[in-house]
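Letter by letter, the chains look like this.
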Amino acid sequence: MSNRILAAAEAAPPLGPYSLAIASHGPGTWLHIAGQVGVDPGGKLVDGFDAQARQAWSNLVAVLSAAGMQVEHLVKVSTFLTRPSDLPLLGPIRADFIGEARPASTVLIVQALARPEWLVEIEGIAFLPASA
């Protein structure tokens, strides 16, 4: 794969299971994934933070798959939470979906999302190198 994890000796190391930066080289396909929320394929919002976070990740993985990609192709993930108390729950859920992948990552606590019942939204950027 042409995605390379970057480290910077002059910068603080990652504070969790993510990378400071990912460099993508060569021809390939970029995928910008819109924010995914805890709404199932039938259009129903699932109940509670755990279920919403898992559904949002399931939706993101489904979009990756539709593009012929996997979580290993993620180079950047941004997660938006509406309740600081949900932050400790996020890591284990994320780990269930991305395993050892280490995209660059940002987590933000925001006052609200587009709909007040949404507790989490996850967006991503992925890069799939062209076949050699």
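Above this note sits the structure.
Everything quoted here is computed from the prediction, not taken from an experiment. (Residues numbered from 1 in each chain as written. Predicted model: local features only at pLDDT ≥ 70, side-chain atom pairs only at ≥ 80, totals over all residues. Heavy atoms only, no water.)

(A) View of helix 1 (residues 49-66). Over its 18 residues, helix 1 runs 25 Å from end to end, which matches the ideal 26 Å to within 8%, given 1.5 Å per residue. The set of residues buried in helix 1 consists of Phe49, Gln52, Ala53, Gln55, Ala56, Trp57, Asn59, Leu60 and Leu64. The inward-facing, buried residues of helix 1 contact strand 3 (28-36), strand 4 (74-81), helix 2 (87-98) and strand 6 (120-129). At the exit of helix 1 stands Gly68, carrying a positive phi of roughly 75°. (Helix = DSSP H or I, 4+ residues; strand = E, 2+ residues; numbered from the N terminus. Expected span 1.5 Å × (residues − 1). Buried < 20%, exposed > 50% of the residue type's maximum accessible area, 1.4 Å probe, protein only. Contact = heavy atoms within 4.5 Å.)

(B) Highlighting the environment of Leu15. Considering the arrangement of structural elements, one finds Leu15 in the loop between strand 1 (3-6) and strand 2 (21-24). By relative accessible area, Leu15 is classed as exposed at 80%. On a C-alpha basis, the gap between Leu15 and Ile98 in space is 17 Å, while along the polypeptide they are 83 residues apart.

(C) Geometry of the pairing of strand 6. Summarising burial for strand 6: seven of the 10 residues are buried, a large majority. Of the strand pairs in this sheet, strand 3 and strand 6 are connected by seven bridges, and their pairing is antiparallel. When the bridges of strand 6 are listed, Ile33 appears paired with Gly124. Bridge count for strand 4 against strand 6 is seven bridges, and the pairing is antiparallel. Counted as the bridge partner of Ser78 is Glu123 from strand 6. (Pairing = 2+ DSSP bridges.)

(D) Here's a closer look at the environment of Ala104. Counting through the fold element by element, Ala104 comes out in strand 5 (residues 104-109). Accessibility expressed as a relative area gives 8% for Ala104, which makes it buried. As a C-alpha pair, Ala104 and Leu20 span 84 residues in sequence and 5.4 Å in three-dimensional space. Beyond its immediate sequence surroundings of up to four residues, Ala104 is in contact with Ser19, Leu20, Ala21, Ile22, Val75, Lys76 and Val77.

(E) View of the nonpolar core. Ranked by internal contacts, the top residues of the largest apolar core, which has 21 residues, are Phe49, Trp57, Leu60, Leu64, Leu74 and Ile122. Broken down by secondary-structure element, the contributors of at least two residues to this core are strand 3, helix 1, strand 4, helix 2 and strand 6. With residues near it in sequence (within four places) discarded, Leu64 still touches Leu31, Ile33, Met69, Gln70, Val71, Leu74 and Ala126. (Core = buried A, V, L, I, M, F, W, Y, C linked by side-chain atoms within 4.5 Å.)

(F) Up close: the pattern of salt bridges. Going through the model one piece at a time under the given rule, you end up with four salt bridges. With a shortest N-O distance of 2.9 Å, Asp96 and Arg54 are connected by a salt bridge. In this pair, Asp96 is assigned in helix 2 and Arg54 in helix 1, connecting sequence segments 42 residues apart. Notably, a salt bridge pairs Glu100 with Arg102, separated by 3.9 Å at the nearest N-O pair. Residue Glu100 is classed as exposed on the basis of its relative accessible area, which comes to 69%. (Salt bridge = Lys/Arg side-chain N within 4 Å of Asp/Glu carboxyl O.)

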